[in-house]
Amino acid sequence: MASTANSPYHNEYQRAINAPEPFWQQQAAKLNWYKMPRSILQQQDAHHYQWFSDGVLNTAYLALDTHIEQGRGEQTALIYDSPVTNSKQQFSYRELRNEVAQFAGVLKALGVSKGDRVVIYMPMIPQAAIAMLAVARLGAVHSVVFGGFSAHELAMRIDDAKPKVVVSASCGIEISKLIAYKPLLDDAISKAEHKPQHCIIYQRPQLLATMQSGRDLDWHQAMAAAESAPCVPVKATDPLYVLYTSGTTGKPKGVVRDNGGHAAALNYSMQAVYNAKPGDVFWAASDVGWVVGHSYIVYGPLIAGCTSILYEGKPVFTPDAGAFWRVCAEYKVNILFAAPTAFRAIRKEDPDAALQRYDLSALRAVFVAGERLDPATYQWVAEKLQKPVIDHWWQTETGWPIAANPAGLELMNAKPGSATVPVPGFNVQILDDSGKVLRANEQGFIAIALPLPPGCLTTIWGNDERFIAGYLDSFPGYYASGDGGYIDEDGYLFVMGRTDDVINVAGHRLSTGEMEQIVANHPAIAECCVIGIHEAIKGQQPLALVLLKNGVEIDETILEAELVAMVRQEIGALACFKKAIVVKRLPKTRSGKILRKLLRQIADGSEYSVPSTIDDPASIAEIAQLMTSKGLVNQP
Ligand code: COA
Ligand code: AMP
């Protein structure tokens, strides 16, 4: 290891792996529980573990009320900065707690109580965070749906989570265009089998929504009429939220997060990974619709007593590629967290970082995640900022980083392309397909030995079989991450990409399986396959390879446009589905399975060997040639 056997990181890592119970008991003791847990870790069966099962707490209380009781009530808790509406707003811990308690009163009056679900479909406005915390205050369960998702995606989530109430806004604001949320919500509810009893709509002056009488309530009016509600104590193992993420099938998976493990893990990560202290200004430039937004816009920074920034804008064009630097300077941001794609977008617009003419002296480190940080982007950010740039790897499922350069323990030498070392609590191993642990530098499946540390998913909402089959069955005793990579001779982890049909477009996780289902519905198409191909700014973009039905004649440009419209309608614009090519045949095994991995390797421009099980070897050369001629093969 680059870090010596007695280094602070090494010692802490060994303590957490060798004796997890005392380690996590110590972390849990830093929180203000109603009832401190005595039971730290319990194994229920071969697949399920519980952290802190007899502890009682309330996550919103830890995030807000505790700080007021400890004298930080007047410190700024949340800064809203919105270049797209030209507005800014700040909330002290006391102000934010009061708003949250009032909105909890609104929900309570509508019958929301412990365990009930509330879906939140909101743009990046403070009311999104207020709604999340209000649900948590009542001991209910929120499920935030990213605002860029279509009505169809929202309907699937409504049907799965079965919310009593949906909270939404009249519109979101993208670069120079308004997105009317309310018609999407109305459409989703009409498509869904489950009908929420009420919708609470935050009317934005940019676009007023039409309300449905009896069902819809206006946020402001409801707040004015409500009585604030107190925190409801919950068990550590009760769910705090369900967050849907893409799997390999068309149906998203509802990752379930508990209250106690989540609070202990996030609080630990704020200190050990991010080196954040109470009063620091923490900015995760993400969206509350993603796990990064849950963990590091809302819960992590607030539980740790930091000031969190909620930014409604883009890294570029709102108004320019200096936006990130302006926000960092204006609020004296100490820790910035963003996706690599954001920096690639900034670099494209402002390669010399000429717009970085702001005072960034408060900034201590830049963290990146969401996709692999390619070495070129790493070098650019490190050179232009002259600050530590920390790649760290995590997933919706884990909720906090699995591997990082642990800035709060010891800043290690970074290696471009590596997320550095496993974070204390995560026993990361590289396995071959038979489950054998591989040696240094051998590439395989990245797995985490059970038990997972606190804060990771406890199951899939309403579908424990899928939890077991999707994550635990492939390698007994391990959680299979779905990512591939290797650990080098110094113990550094290199995450090289997904080993399944999940792709990452601009830091957004999407299922190619779901896109295939949509594309296959086109009347001209007999069969199809969707893979991720390289894209300079967004990292990846989807490409459909389609086989036409016998006798069908259709102009390829028209077909592509129709498919683009279908995916946009069914998933949303965020899928960035823009390319489809017609092929004569798809490479398959003799048993009829499409060789997706091989297609991915061709598109990546990487070495590939044709498997002996292939049905029609000539199809490979044909497709490789077609993709090359259309400029769809990456030139690494
Ligand atoms: N609501 C509605 N539509 C949305 C949306 C939202 N919240 N977010 C994105 N979209 C739409 C966009 O308007 C765009 O639509 P268009 O095809 O009609 O133009 C489409 O989805 C793609 O959006 P996006 O991926 O954001 O592309 P972009 O070209 O507008 O911006 C970047 C490119 C790189 C600046 C942007 O992707 C970005 O900031 N990425 C960072 C993502 C991130 O932080 N991920 C966090 C995970 S940790
Ligand atoms: P999500 O669940 O949306 O956060 O996406 C998780 C996936 O994003 C992971 O499984 C990885 O494939 C990818 N990912 C996230 N962070 C990194 C990183 N630092 N390096 C490589 N891949 C990453």
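Quick caveat: nothing in here was measured; it's all calculated off a predicted structure. (Residues numbered from 1 in each chain as written. Chains lettered and ligands numbered in written order. Predicted model: local features only at pLDDT ≥ 70, side-chain atom pairs only at ≥ 80, totals over all residues. Heavy atoms only, no water.)

Student: What exactly am I supposed to notice about the site of ligand 2 here?
Tutor: In the neighbourhood of ligand 2, 15 residues make up the surrounding shell, with His392, Thr396, Asp483, Arg498 and Arg509 lying closest. One of the backbone nitrogen or oxygen atoms of histidine 392 is found 2.7 Å away from a nitrogen atom of ligand 2. One of the side-chain N or O atoms of glutamine 395 is found 3.0 Å from an oxygen atom in ligand 2. Burial of ligand 2 by the surrounding chains reaches 93%, relative to a free accessible area of 490 Å². (Near = heavy atom within 4 Å. Polar contact = N/O pair within 3.5 Å; in protein donor to acceptor, adjacent residues only side chain to side chain. Areas by Shrake-Rupley, 256 points an atom, 1.4 Å probe, with all protein chains shown as cover.)

Student: Help me understand the pairing of strand β15 (residues 253-258) in this model?
Tutor: Regular strands place side chains that alternate from one sheet face to the opposite one. Along β15, 6 of the 6 residues are buried, which leaves the element largely enclosed by surrounding structure. Across 6 bridges, strand β14 (residues 239-245) lies against β15 in antiparallel orientation. Bridged to leucine 243 within β15 is valine 255. (Buried < 20%, exposed > 50% of the residue type's maximum accessible area, 1.4 Å probe, protein only. Helix = DSSP H or I, 4+ residues; strand = E, 2+ residues; numbered from the N terminus. Pairing = 2+ DSSP bridges.)

Student: Help me understand the sheet that holds strand β23 (residues 428-431) in this model?
Tutor: In any sheet, the strands associate via hydrogen bonds between backbone groups, in a parallel or an antiparallel arrangement. Here 4 strands make up an open sheet; going across it, the order is β23-β24-β25-β26 and the pairing antiparallel. Looking at which strands have only one partner, the edges of the open sheet turn out to be β23 and β26 (493-498). Pairs of neighbouring strands in the sheet enclose a mean axial angle of 50 degrees, with direction left out of account. Here strand β25 (residues 478-487) runs beside β26; their pairing, made up of 5 bridges, is antiparallel. Looking at the pairing, glycine 484 lines up with glycine 497 of β26. (Axes fitted to C-alpha atoms, helices over the stretch in contact; angles between N-to-C directions.)

Student: Teacher, can you tell me more about the UniProt feature "domain: AMP-binding enzyme C-terminal" (unreviewed entry) in the chain here?
Tutor: In the numbering used here, UniProt assigns the feature "domain: AMP-binding enzyme C-terminal" (unreviewed entry) to residues 514-593. Helix makes up 28% of residues 514-593 and strand 31%. Its end C-alpha atoms lie 17 Å apart. (UniProt positions renumbered as here; feature names shortened; annotations may be inferred.)

Student: Just to check I follow, could you spell out the sheet that holds strand β29 (residues 525-535) for this structure?
Tutor: Strand order in this open sheet of 3 strands is β29-β30-β31, and the pairing throughout is mixed. A strand with exactly one partner marks an edge of an open sheet, and here the two such strands are β29 and β31 (579-582). Neighbour-to-neighbour, the strand axes of this sheet turn through a mean angle of 25 degrees, independent of strand direction. Bridge count for β29 against strand β30 (residues 539-548) is 10 bridges, and the pairing is antiparallel. If you follow cysteine 529 over to β30, its bridge partner there is leucine 545.

Student: How should I be thinking about empty space enclosed by the protein in this particular structure?
Tutor: Counted under the stated rule, the structure contains 7 cavities of 30 Å³ or more. Lining the largest cavity are 17 residues, and of these Tyr49, Leu452, Cys456, Leu457 and Thr458 sit closest to its centre. When residues of the lining of the largest cavity are traced back to their parent elements, those giving at least two are β2 (49-51) and α14 (464-472). At 3 residues, the largest contribution of residues to the lining of the largest cavity is made by β2. Counted by class, the lining of the largest cavity contains 11 nonpolar, 5 polar and 1 charged residues. Residue composition of the lining of the second largest cavity, by class: 4 nonpolar, 4 polar and 4 charged. (1 Å grid on protein atoms, 1.4 Å probe; cavity = no way out; pocket = protein on both sides within 12 Å on 5 of 7 lines; lining within 4 Å. Points joined across faces, edges and corners; volume = space filled by probe spheres on them. Nonpolar A, V, L, I, M, F, W, Y, C, P; charged D, E, K, R; others polar.)

Student: In this structure, what is going on with the site of ligand 1? I would like to understand it.
Tutor: In the region of ligand 1, 22 residues are neighbours, and Glu174, Lys177, Lys314, Lys538 and Arg568 sit closest. In the environment of ligand 1, a nitrogen atom lies 3.5 Å from a nitrogen or oxygen atom belonging to the backbone of glycine 148. In this structure, an oxygen atom belonging to ligand 1 sits 2.8 Å away from a side-chain N or O atom of lysine 177. Relative to its unbound accessible area of 940 Å², ligand 1 is 82% covered by the protein chains. Secondary-structure elements contributing two or more residues to the shell around ligand 1 are β10 (177-180) and α12 (340-349).

Student: Before we go on, may I ask you to explain the pattern of salt bridges in this structure?
Tutor: The final tally for this structure, using the stated rule, is 33 salt bridges. Among the ionic pairs, glutamate 12 bridges to arginine 15, the shortest N-O distance being 3.4 Å. Here arginine 15 and glutamate 12 lie together in helix α1 (residues 8-18), a separation of 3 residues that amounts to about one turn. Taking the relative accessible area as the measure of exposure, glutamate 12 reaches 12% and is therefore buried. Given the relative accessible area of 39%, arginine 15 is considered partly exposed. For the salt bridge of lysine 251 with aspartate 160, the shortest nitrogen-to-oxygen distance reads 3.1 Å. Of this pair, lysine 251 sits in the loop between β14 and β15 while aspartate 160 sits in helix α6 (residues 151-161), and the two are 91 residues apart along the sequence. Linked by salt bridges that have partners in common, Asp81, Lys88, Arg326 and Glu330 make up one network. (Salt bridge = Lys/Arg side-chain N within 4 Å of Asp/Glu carboxyl O.)

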